[in-house]
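Commentary on secondary and tertiary structure
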Protein chains: 2
Amino acid sequence: MTNPMTKPIQKRALATRDKLLTAAKYLISKESFEALRVEDVVRAAGVAKGTFFAHFKDKDALMEQIIGARMADLIAETADAQTPKDIREMVERLLPLIHFMTSERYVFDVIIRHSGAAAISDIGPIATQFDEQIALFARWAREAPYRPDIAPELVGEGISAFFIQAIALNFCALNSRQALESRLESYLDAWLCPK
Amino acid sequence: MTNPMTKPIQKRALATRDKLLTAAKYLISKESFEALRVEDVVRAAGVAKGTFFAHFKDKDALMEQIIGARMADLIAETADAQTPKDIREMVERLLPLIHFMTSERYVFDVIIRHSGAAAISDIGPIATQFDEQIALFARWAREAPYRPDIAPELVGEGISAFFIQAIALNFCALNSRQALESRLESYLDAWLCPK
DNA sequence: CTATGAAAATGACCGTGGTCAATTTAGTCT
DNA sequence: AGACTAAATTGACCACGGTCATTTTCATAG
């Protein structure tokens, strides 16, 4: 063995895991997150059902990987863009992320369920992305600067809280996308620019 | 028929519904919300499985009724008490509600999932309780008064958002109850008393 | 009282997530 | 190469939420 400290994982296993992820992503793109069935995934991947659960604790864990990865992309893009110069622009920056998080009720539920890490030893990709998100918001707050009276980290947590709240209320049928944006804008205005 | 506008619901049906609710509450008190099984409920209630689903759209709908009712009690108690005179006292008032909402991960998930009404025509008990909660917070804000620069309703929505955020982060293993309270306190301080 | 139609209740059945003892395969030692 | 061990895979099986055609019960009319 080249490295005695490495726990032995055969490349066959990595390939299988990859087949499962690829099959799942394909099926999701064809249908939706909500409609994904484990049996369909294993059939498309050409493996037995038990194999799925040898690679993912449960269906939710697969979802967390895929949704977390997509959030990571969106947040990275958002972070690459210039720091928003006002609140309207800040909301604009968040639109891609909002679009994904509201694309399906199911997606939002999975995200919320994993937003607080389940256990310290087991911080999943979605919880990680929330940390990233808060850090990004904190950076925005530091550069503007909004709310110099409190720590940028705290400002970031507040933005995150209002971000979630705005999206959650959006799933009420009478609230449209437009309502979401303007609501988020007034939340952030009240949070970031108290008179 | 005494009242031609009343859709006929036999009292037998109301009794059955009551048996189901009573059985469910009993089983929950013996075990937990998470451990509740529909089959156990119908066995305890002495009815067939199909009957359950004639009375509740799905298991979630039953949970919403029971959890919503308990929230209503807690919020009513909270509303009866005097308006908190500072933020520390405000957090103190919220402790019973926090205690229930953090009693089980499953309970919090159900609450979040129903906090934004699913459809305007179908506002469930939990969504109703959130409205009540926000209205109560708005009353507190109006009486103090906190944040005279913005509408009390908006202040209430903010308190609600931070309330949720504090609880969600609490499910991270390294954050204890004490951490929850002090975190909520600093959130509310930053929200209600900007310098 | 009996007939009738609608409300309520029934339970066999199904879909889907998840388990696990048994089997196959990959890497290693002699 | 053959033997040996542990990782990886398999698929029959189970648990549990949810469905629906059929049956039972109730209320009312004649």
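What you are looking at is a predicted structure, and each value in this text was computed from that prediction instead of being measured.

**Remarks on the interface of chain A and chain B**
Taken together, the contact pairs 32 residues of chain A with 32 residues of chain B. Among the residues chain A hides against chain B, the three largest losses belong to F162, Q165 and A190 of chain A. Together they make up 16% of the total. At the boundary of chain A and chain B, one finds zero salt bridges. Our count for the contact surface shared by chain A and chain B stands at ten residue pairs in polar contact (both at pLDDT 80 or more). Mapped onto the side of chain A that touches chain B, the elements with two or more residues apiece are α6 (105-115), α8 (152-170) and α9 (177-192) of chain A. Here the element with the most residues in the side of chain A that touches chain B is α8 of chain A; it accounts for nine residues. Grouping the amino acids of the side of chain A that touches chain B by side-chain chemistry returns 19 nonpolar, five polar and eight charged.

**Quick notes on the relation of the copies chain A and chain B**
Of the two same-sequence chains, chain A is brought onto chain B (RMSD 0.1 Å, axial shift 0.0 Å) by a rotation of 180 degrees. Accordingly, the operation relating the two chain copies is best matched by a two-fold axis. Taking C-alpha positions as the reference, the residue of chain A nearest the rotation axis is A161 of chain A, at 2.8 Å. The residues that chain A uses at the interface reappear at the interface of chain B in 100% of cases, marking a shared surface.

**A short note on helix α6 (residues 105-115) of chain B**
Counting buried positions along α6 of chain B gives nine out of eleven residues, so the element sits mostly inside the fold. Buried within α6 of chain B are the following residues: Y106, V107, F108, D109, V110, I111, I112, H114 and S115 of chain B. At its buried positions, α6 of chain B is contacted by α6 of chain A together with α4 (59-80), α5 (87-101), α7 (125-143) and α8 (152-170) of chain B.

Each value, and the rule that gives it
Residues numbered from 1 in each chain as written. Chains lettered and ligands numbered in written order. Predicted model: local features only at pLDDT ≥ 70, side-chain atom pairs only at ≥ 80, totals over all residues. Heavy atoms only, no water. Contact = heavy atoms within 4.5 Å. Buried area = accessible area lost by both parts, 1.4 Å probe. Salt bridge = Lys/Arg side-chain N within 4 Å of Asp/Glu carboxyl O. Polar contact = N/O pair within 3.5 Å; in protein donor to acceptor, adjacent residues only side chain to side chain. Helix = DSSP H or I, 4+ residues; strand = E, 2+ residues; numbered from the N terminus. Nonpolar A, V, L, I, M, F, W, Y, C, P; charged D, E, K, R; others polar. Least-squares fit on C-alpha atoms with pLDDT ≥ 70 in both. Buried < 20%, exposed > 50% of the residue type's maximum accessible area, 1.4 Å probe, protein only.

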